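Reading the structure
Spelled out from the first residue to the last, the chains are:
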Amino acid sequence: MLRPTFWLILPIVAGIIILVTACDTVDHHSPPQTVAHVDLNRYTGTWYQIALIPNRFQRRCAADTTATYELGADGHIDITNRCRTADGTYDEVHGLARVIDPRTNAKLEVSFVKLFGWHLFWGDYWILDLGPRYRYAIVGTPDRRFGWVLSRTPSLPARTRAAIDRKLIELGYKPSEFLHTPYRPAS
């Protein structure tokens, strides 16, 4: 004979099975879907990094990470990434982005290595989601090894962040892999 607690637990177990099955419907082998179109004029400006999948090239960054994009006359985008290090100093790097999918403007490549006037070592930069009026963006790579959540402000409302986490799951990312970027008040 089944105990009454079994009937209380059964819906919870069924819900977990459905949730796990739904999460597994994402094809992790194919690249994530980008947004249908990016207006580069609206995308340019300053973005605050809200969260990221930790990576080696940002390991010195402890807080206050921003990315500023400026559209050049030649169609390239000039990039300035800036962050505060653990000792309180600022680290800044300049780079260049180029559109590799002009149909959508959502797939770009970036380079932060310049030698004798030539940019070397281009990396993928795909715009995977954009919030209303370009208030936030999810950026990643085809292999999902890298990812960033960006915002026009240093923080996002909890409701917006929860919607972004749902979108990350839909894109095949694990929101738990994204670490929050702190912002310290200016002194």
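Below or above, wherever it landed, is the structure these notes cover. (Residues numbered from 1 in each chain as written. Predicted model: local features only at pLDDT ≥ 70, side-chain atom pairs only at ≥ 80, totals over all residues. Heavy atoms only, no water.)

Remarks on empty space enclosed by the protein
- Enumeration over the complete set of coordinates arrives at one cavity of 30 Å³ or more.
- Roughly 50 Å³ of internal volume is contained in the largest cavity.
- What lines the largest cavity is simply Y43, Y69, I77, I79, A97, L108, V110 and Y125.
- At the level of elements, β3 (77-85) and β5 (107-111) are the ones that each hand at least two residues to the lining of the largest cavity.
- Of the residues that constitute the lining of the largest cavity, the class distribution is eight nonpolar, no polar and no charged. (1 Å grid on protein atoms, 1.4 Å probe; cavity = no way out; pocket = protein on both sides within 12 Å on 5 of 7 lines; lining within 4 Å. Points joined across faces, edges and corners; volume = space filled by probe spheres on them. Helix = DSSP H or I, 4+ residues; strand = E, 2+ residues; numbered from the N terminus. Nonpolar A, V, L, I, M, F, W, Y, C, P; charged D, E, K, R; others polar.)

Some points on the environment of I77
- Along the polypeptide, I77 turns up in strand β3.
- Exposure remark for I77: the relative accessible area of 4% places this residue in the buried category.
- Residues I77 and R98, spaced 21 residues apart in sequence, show a C-alpha to C-alpha distance of 6.4 Å.
- Setting aside residues up to four positions removed in sequence, I77 forms contacts with L40, Y69, E70, L71, G95, L96, A97 and L108. (Buried < 20%, exposed > 50% of the residue type's maximum accessible area, 1.4 Å probe, protein only. Contact = heavy atoms within 4.5 Å.)

Remember, this is a structural readout, not a statement about activity or role.
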